[in-house]
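# Overview (structure and organization)
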Amino acid sequence: MVAEKQTHDINLHDVNLFLRDEFHEAFRVLRREAPVHWNPGSARANGFWSLAKYEDILFVSRNPETFISSKGIGGPGERNPRPEDVARAAARPPGEGDSSIITMDPPRHVKMRRLVNKGFTPRAVNAMEPQIRAQTREVLDAVGDRASGDFVLEVSSQLPLAVICGLMGLPREAWPLMFELTNAALGAGDPEYQTAQVGTAGSTEAARATARAGNLRMAQYFREVLEQRRAEPREDLISILLEAELDGEQLTEREILEFCNLLVIAGNETTRNAISGGLVALDEHPDERERLQADMSLIDSAVEEILRWTSPLHHMTREATADVEIRGQQISAGEKVMMWYPSANRDEDVFDDPYRFDITRSPNDHIAFGIGEHFCLGAGFARKEIRVMFEELFDRYPKIRLAGGPDRLRSSFINGIKHLPVDYR
Amino acid sequence: MPRKVTVDALACEGHGRCQNNAPEVFQLDADDISRVQLDEIPDALVAKVERAIRTCPRQAITWVEG
Ligand code: HEM
Ligand code: SF4
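Scope of this entry: the structure provided in the associated data block.

### Quick notes on the interface of chain A and chain B
Counting residues at the interface gives 23 residues for chain A and 17 residues for chain B. When the two sides are added together, the surface that chain A and chain B hide from each other amounts to roughly 1700 Å², 35% of it contributed by carbon and sulfur. Looking at the side of chain A facing chain B, the largest losses of area belong to Arg62, Arg123 and Asp365 of chain A, adding up to 31% of the total buried there. Taken together, the links from chain A to chain B amount to five salt bridges. Residue Arg123 of chain A is joined to Asp32 of chain B by a salt bridge in which the shortest nitrogen-to-oxygen separation is 3.0 Å. Between the two partners, chain A and chain B, sit 14 residue pairs in polar contact (both at pLDDT 80 or more).

In structure tokens:
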């Protein structure tokens, strides 16, 4: 007898849940009533399991052979994928996963990580701090003596762009294009970023076409960069990838292009939203903000609390390769599993008083960066960028205030803020 | 019985959370690999080691069985 799957009338397919910022309440209910539950699919989208508890997300993240990434990590996927995508997936050698590190499975995945990991260790990041601080000051210099503006466009998006473009050796002129393409790739579901003239604004067709156009343009751009680096190697990440060997072979052009694409997207969008979301959280909790500004030595633990509180990535998805039971629910091979980080990071079984924003919270073992096999490669850079940004921001504009509410991204993947009006002084 | 703990040097990526959570037991070496400082873990440190195991992003830390 097959047990019936537990469902719930909270529908995590509904992107408006995230737009309206009501998802924390939804997750609180789910943790209590249906911590492992099945969200039936629609005519277009696959059904999926949702994990709301911290422990369950640790379990899935730490079993990368049973819960694989190569069938897609950004959501449950479409029920009727395009034939060319199916063909491409089928042509892939078994056990190797996709060609991007984030959608790659063991055993190749960890080898790929080792090629670049040295550039991302805390030591490497610490060595870059003076440069990151200089970049932060440059960003704030550009705000100048403006009294008010859009914090996202002027500040929070600019530092992550500077840092990631710096690591990859891309010139200042490339920033606006990288900003635009990241928005197209990850914000494709939001009418503001939709470039494609297909379907209606906000439709799935428009989202898909926008993302595809953005990714194509990105590949085209990086193909040119690869040409330049082959002719004239440098010391940046792209040159390292070009020279690297894995199992005695160089990476394929596609693998390198996918890596560049991932770095630009993952390096930008998430850190940007941690900085914007951090400012919102501090503005909404004036006592905590005052405590921090009175004693900036609290910044490290404040950064951790900002990460827990904002959880810039809503989820990562896996596909089960075997039948597994979690909390009495039977997950079958081939089914999608979504790990909801904001829910794990407010799990009452792990965090005392999880709905309190506490800049000295200890312990604070949040998993905003995921955990295990695919643990965020850029966590050290993200932490450093957020830290240095708030140090410099409060030094320069100690009275910065929100001048209106955040304009949120329409996405169930990224906890994004598109615009944030502020008074700098 | 006192227990032993080990770090898989190939899995460790030097994130240093173990060193933050249990500095008596784990220290990063010059290559950013976590090295166990104690042959045997006294009872008083078991909880800290458990936490280090749980929070290591790369699952590099394990108890030595037996
Ligand atoms: C606050 C900012 C950030 C957050 C919240 C974040 C979050 C995450 C999460 C949750 C994962 C795990 C994916 C999974 O388990 O499937 C991940 C992976 C990754 N992140 Fe980040 N990230 C941030 C910043 C960055 C930055 C700045 C970079 C680049 C410099 C970066 C590069 C990557 C890469 C390359 C991966 C894939 C690692 C792998 O698959 O082995 N991230 N990130
Ligand atoms: S927490 Fe894990 S990965 Fe980080 S230094 Fe310690 S053992 Fe290595």
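### With respect to unusual backbone geometry
Residue and element names in this part refer to chain A. With omega at 5 degrees, the peptide bond leading from Pro106 into Pro107 counts as cis. Note on placement: Pro107 falls in the loop between α4 (83-91) and α5 (108-116). Residue Pro363 follows Ser362 across a cis peptide bond; omega there is -5 degrees. Take Pro363: it is sitting in the loop between α16 (341-344) and α17 (379-396). Positive phi, close to 50 degrees, is recorded for Asp353, a residue that is not glycine. In this structure, Asp353 sits in the loop between α16 and α17.

### What about the site of ligand 1?
Residue and element names in this part refer to chain A. As a matter of local geometry, ligand 1 sits amid 26 residues, with His109, Arg113, Arg318, His374 and Cys376 nearest to it. Here an oxygen atom of ligand 1 sits 3.4 Å away from a polar atom, N or O, in the main chain of Ile101. For ligand 1, an oxygen atom lies 2.6 Å from a polar atom in the side chain of His374. Every element with two or more residues in the shell around ligand 1 is listed here: α5, α13 (253-284) and β7 (315-320). Counting residues per element, the shell around ligand 1 draws most heavily on α13, at six residues. Looking at the shell around ligand 1 residue by residue, the class counts come to 17 nonpolar, seven polar and two charged.

### Structural notes on the sheet that holds strand β14 (residues 421-423) of chain A
As a general point, the strands of a sheet are linked pairwise by backbone hydrogen bonds and lie either parallel or antiparallel. Residues and elements named next belong to chain A. With antiparallel pairing, the three strands of this open sheet are ordered in space as β4-β14-β11. Lying at the two open borders of the sheet, with one neighbouring strand each, are β4 (148-150) and β11 (401-402). Summarising the sheet, β4 and β14 pair through three bridges and their orientation is antiparallel. Pairing of Gly149 across the sheet is with Val422, part of β14.

Conventions adopted
Residues numbered from 1 in each chain as written. Chains lettered and ligands numbered in written order. Predicted model: local features only at pLDDT ≥ 70, side-chain atom pairs only at ≥ 80, totals over all residues. Heavy atoms only, no water. Contact = heavy atoms within 4.5 Å. Buried area = accessible area lost by both parts, 1.4 Å probe. Salt bridge = Lys/Arg side-chain N within 4 Å of Asp/Glu carboxyl O. Polar contact = N/O pair within 3.5 Å; in protein donor to acceptor, adjacent residues only side chain to side chain. Helix = DSSP H or I, 4+ residues; strand = E, 2+ residues; numbered from the N terminus. Near = heavy atom within 4 Å. Nonpolar A, V, L, I, M, F, W, Y, C, P; charged D, E, K, R; others polar. Pairing = 2+ DSSP bridges.

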